[in-house]
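Fold and contact review
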2 protein chains.
Amino acid sequence: MSQPKLSDVAALAGVSPTTVSRVLNNRGYLSEKTRSNVFEAMKTLGYRPNAIARSLQGRKSQLIGLVFPSVAHPFYGEMAYRLESHLADAGYKTILCNSGDRPEAEQRYLDMLLANQVDGVITGAHSQLVAQFPLMGAPLVTIDRAETGKAPNVRCDNYDGGYRATSLLLERGAKEPVHITSTASEVNLRLRGYRDALAEHGITGRTLELGFDTPHAHKMEMIASYLDQYPTLDAVFASNDIYAAMVLSCAQRLRLEVPTDLQVIGFDGAPYTRAMLPHLATVMQPIDEIAQRAVARLLHAIAGQEDDLDGADVLPVSVYEGSTLRQKQPDRVSLD
Amino acid sequence: MSQPKLSDVAALAGVSPTTVSRVLNNRGYLSEKTRSNVFEAMKTLGYRPNAIARSLQGRKSQLIGLVFPSVAHPFYGEMAYRLESHLADAGYKTILCNSGDRPEAEQRYLDMLLANQVDGVITGAHSQLVAQFPLMGAPLVTIDRAETGKAPNVRCDNYDGGYRATSLLLERGAKEPVHITSTASEVNLRLRGYRDALAEHGITGRTLELGFDTPHAHKMEMIASYLDQYPTLDAVFASNDIYAAMVLSCAQRLRLEVPTDLQVIGFDGAPYTRAMLPHLATVMQPIDEIAQRAVARLLHAIAGQEDDLDGADVLPVSVYEGSTLRQKQPDRVSLD
DNA sequence: TTGAAAGCGCTAACAG
DNA sequence: CTGTTAGCGCTTTCAA
């Protein structure tokens, strides 16, 4: 037989299946002798309990669905890595779903996950998912994006990140910083932070929207022609490190000196991104802390506990200055 | 009841469970009337078939395990994304495992996957897995690394990549190119390509080994001090784009002009890496083709077909020249 | 301390 | 065209 089953072990050990199950789950009273007998039988048969059968009979599959736009993206890749690691530590397995930001795909994945009896779902892509959350049948935790609806959410302090990034640009002498983002909606907290920081200096600001589905090459063109069109722009706050990196490339192409002519700061600060672009200033998300909190809240919900945080859980960001920002201005001594 | 089951649908539709199962699987002859009755009952109950139960009773779980060092790494992230997409298209779900290159972790993940009755495993991390392959119980396809043992492998032409990268550096005037890699083992085909290309020009070459577990900051130091120590080095072939990017940063720090003083070429060319470092020359792996082939071979094996390729499946690389290589030399006209 | 029996939700014979 | 029966591998009452 290919895969030995519990009853095979029982037969070899000369006990009942129930007993084998007991030693497997370390439940109830067993004599030392039976235990070792059973263990030995398991060894010799190379027995491996069938997780599927266990899930079927019990209520929990120990499966968690992860739904992200794409793990190819450095931020989501890092996040997925962290989440999977923490879930594995807690004895959970991770089903990976790349929804590509396509709502139908999200929907299909969600159906699939529920059909597979996942104990919970973590998502960073939630047009669909959040709407269905109340009636979903499995706990959901959302990550990163501002929540819509009432699903538990863990994210970094996007507003503060936007505010601090922009303030930093201004502190270092920027007069006209632009914000580059995918889409400038009203719920975009990074944008709000940017605007508020500018407002304090009486500046209005400008936003370049790249769109979600725009092909990469086109985005490059948009950035380049924008920088070209507004030569007075002297700083960029990009809503993620990819865009920031693209700005760096465009600047090089346009012979703009960074940070002299143009200061640049990004957002995310995933380790591999930092490794590839160590000079890029960025607002660093506490990725691992977010992952840990998300897992903790999900497991909490799975355990049937009330979610006392009721909604969002906002973690602090930190700023990495790199060398795409100008040096700190020495305190000016007023001489007049 | 929370989740309606097949028998609930049967009851509501006034038929037997078998019949419901039949319409679900579209098997056998059904009267149109029963079909629609059953469908309606499913609709009103919001029925969703329990995949776990199906797997238990049937033989296949439609689950595939993906074992990689870390999806946070741009190359593996992209690969995982592609693999998951192709697997989903074929109706398979993906269990994600980040082994971090720790053999015990690989072992634990493998056990977990088999316990979960995965129909197959795809891995890019196979110290352990490959060894056990013959007795594993589920088909395995390995990716990227040179195979050890007899497991089916899909990868790019690492030797050719190394050869062409190095040849290109030489063509563009390099006299002393160094190869930077994690570990310079005998089975390192990129290194072999590098050496052979150099040999044709009568050059010996030099290798800097960074190690697998070395912390990032330390790797940076190693590169910087190496470049410092051998000022005659005029080109770098890095075994991946991260190392190449690190070389770029070090060069900047050391005031080495790229490509004038130092030419650089990397390896991998994942799209997000390309977006972030568009000027970096690199040997591009055909990531999506590799993913497609790997999935095809795995499904083939799952279907019980013989694997006619018996071992490796090597896909061609392409070279992206960026601007970290010197310009092509104009054909010299001999005047003497 | 152990076993027998029932059943998790579904499908696959085998009737009819 | 449809239903009955049995069983996937395991755990869980309930008894002994």
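Residues numbered from 1 in each chain as written. Chains lettered and ligands numbered in written order. Predicted model: local features only at pLDDT ≥ 70, side-chain atom pairs only at ≥ 80, totals over all residues. Heavy atoms only, no water.

If you check an unreviewed UniProt entry, chain A appears there as LacI family DNA-binding transcriptional regulator from Rothia endophytica.

What about the UniProt feature "domain: HTH lacI-type" (unreviewed entry) in chain A?
When the UniProt feature table is mapped onto this chain, "domain: HTH lacI-type" (unreviewed entry) is found at residues 4–58 of chain A. Taken as a whole, residues 4–58 of chain A contains 69% helix and 0% strand, while its terminal C-alpha atoms sit 21 Å from one another. (UniProt positions renumbered as here; feature names shortened; annotations may be inferred. Helix = DSSP H or I, 4+ residues; strand = E, 2+ residues; numbered from the N terminus.)

A closer look at the protein's contact with DNA strand C
Taken together, 25 residues surround DNA strand C, and among them Thr19 and Arg22 of chain A together with Lys5, Leu6 and Tyr47 of chain B come closest. The protein-proximal atoms of DNA strand C, defined as those within 4 Å of the protein, are 64% sugar or phosphate. Taking Gln57 of chain A, its main chain carries an N or O atom lying 3.3 Å from a base oxygen of DNA strand C. In this structure, Lys5 of chain B approaches DNA strand C through a side-chain N or O atom, which is 2.5 Å from a phosphate oxygen. (Near = heavy atom within 4 Å. Polar contact = N/O pair within 3.5 Å; in protein donor to acceptor, adjacent residues only side chain to side chain.)

Points about the protein's contact with DNA strand D
Inspection of the region around DNA strand D gives 26 residues, with Lys5, Leu6 and Tyr47 of chain A together with Thr18 and Arg22 of chain B positioned closest. Among the atoms of DNA strand D lying within 4 Å of the protein, the sugar-phosphate backbone contributes 66%. The side chain of Arg27 of chain A places a nitrogen or oxygen atom 3.4 Å from a phosphate oxygen of DNA strand D. Between DNA strand D and Gln57 of chain B, the relevant distance is 3.3 Å, taken from a base oxygen to a main-chain nitrogen or oxygen of the residue. Broken down by secondary-structure element, the contributors of at least two residues to the surface near DNA strand D are α2 (17–25) and α4 (51–57) of chain A together with α2 (17–25) and α4 (51–57) of chain B. The dominant element in the surface near DNA strand D, judged by the number of residues it contributes, is α2 of chain A, at 5 residues.

Side note on the packing of aromatic side chains
Residue and element names in this part refer to chain A. The full count for this structure, using the stated rule, is 12 aromatic pairs over all chains. Between Phe237 and Phe267, the aromatic rings sit 6.3 Å apart at their centres with planes inclined by 45 degrees, giving tilted as the arrangement. Residue Phe237 is found in strand β8 (residues 235–238), and its partner Phe267 is found in strand β9 (residues 263–268); the two are separated by 30 residues along the sequence. Given the relative accessible area of 0%, Phe237 is considered buried. Judged by relative accessible area, which is 0%, Phe267 ranks as buried. (Phe/Tyr/Trp six-rings, centres within 6.5 Å; stacked < 30°, edge-to-face > 60°. Buried < 20%, exposed > 50% of the residue type's maximum accessible area, 1.4 Å probe, protein only.)

Some thoughts on the sheet that holds β8 of chain A
All names here are of chain A. Strands sit in the order β7-β6-β8-β9-β10-β12 across an open sheet of 6 strands; the sheet is mixed. This sheet does not close on itself; its edge strands, each paired only once, are β7 (206–209) and β12 (318–320). Here the strands of the sheet are splayed against their neighbours by 20 degrees on average, with no regard to which way each runs. Judged from the 4 bridges that link them, β9 and strand β10 (residues 281–284) form a sheet pairing that is parallel. Bridge assignment links Asp268 to a residue of β10, and that residue is Met284. Running over the sheet, helix α10 (residues 216–229) touches β6 (177–181), β7 and β8 and is turned about 155 degrees from β7. (Pairing = 2+ DSSP bridges. Axes fitted to C-alpha atoms, helices over the stretch in contact; angles between N-to-C directions. Contact = heavy atoms within 4.5 Å.)

Some points on the interface of chain B and chain A
Residue-level contacts link 49 residues of chain B with 49 residues of chain A. Broken down residue by residue, the surface that chain B buries against chain A is led by Ile52, Tyr272 and Met276 of chain B, which jointly contribute 17%. Seen at the junction of chain B and chain A, the total is 2 salt bridges. Linking Arg48 of chain B and Asp111 of chain A is a salt bridge whose minimum nitrogen-to-oxygen distance equals 3.0 Å. Put simply, chain B and chain A have 12 residue pairs in polar contact (both at pLDDT 80 or more) between them. At the level of secondary structure, the elements contributing two or more residues to the side of chain B that touches chain A comprise α4, α5 (74–89), β2 (93–98), α6 (103–115), α10 (216–229), α11 (241–253) and α12 (271–276) of chain B. Here the side of chain B that touches chain A gets 7 residues from one element, more than from any other, and that element is α5 of chain B. Grouping the amino acids of the side of chain B that touches chain A by side-chain chemistry returns 28 nonpolar, 16 polar and 5 charged. (Buried area = accessible area lost by both parts, 1.4 Å probe. Salt bridge = Lys/Arg side-chain N within 4 Å of Asp/Glu carboxyl O. Nonpolar A, V, L, I, M, F, W, Y, C, P; charged D, E, K, R; others polar.)

Overview of the relation of the copies chain B and chain A
Here chain B sits on chain A after a turn of 180 degrees about the axis and a move of 0.0 Å along it, with an RMSD of 0.1 Å. What the rotation and shift describe, once combined, is the action of a two-fold rotation axis. The C-alpha atom lying nearest the rotation axis in chain B is that of Ile95 of chain B; the distance is 2.3 Å. The residues that chain B uses at the interface reappear at the interface of chain A in 100% of cases, marking a shared surface. (Least-squares fit on C-alpha atoms with pLDDT ≥ 70 in both.)

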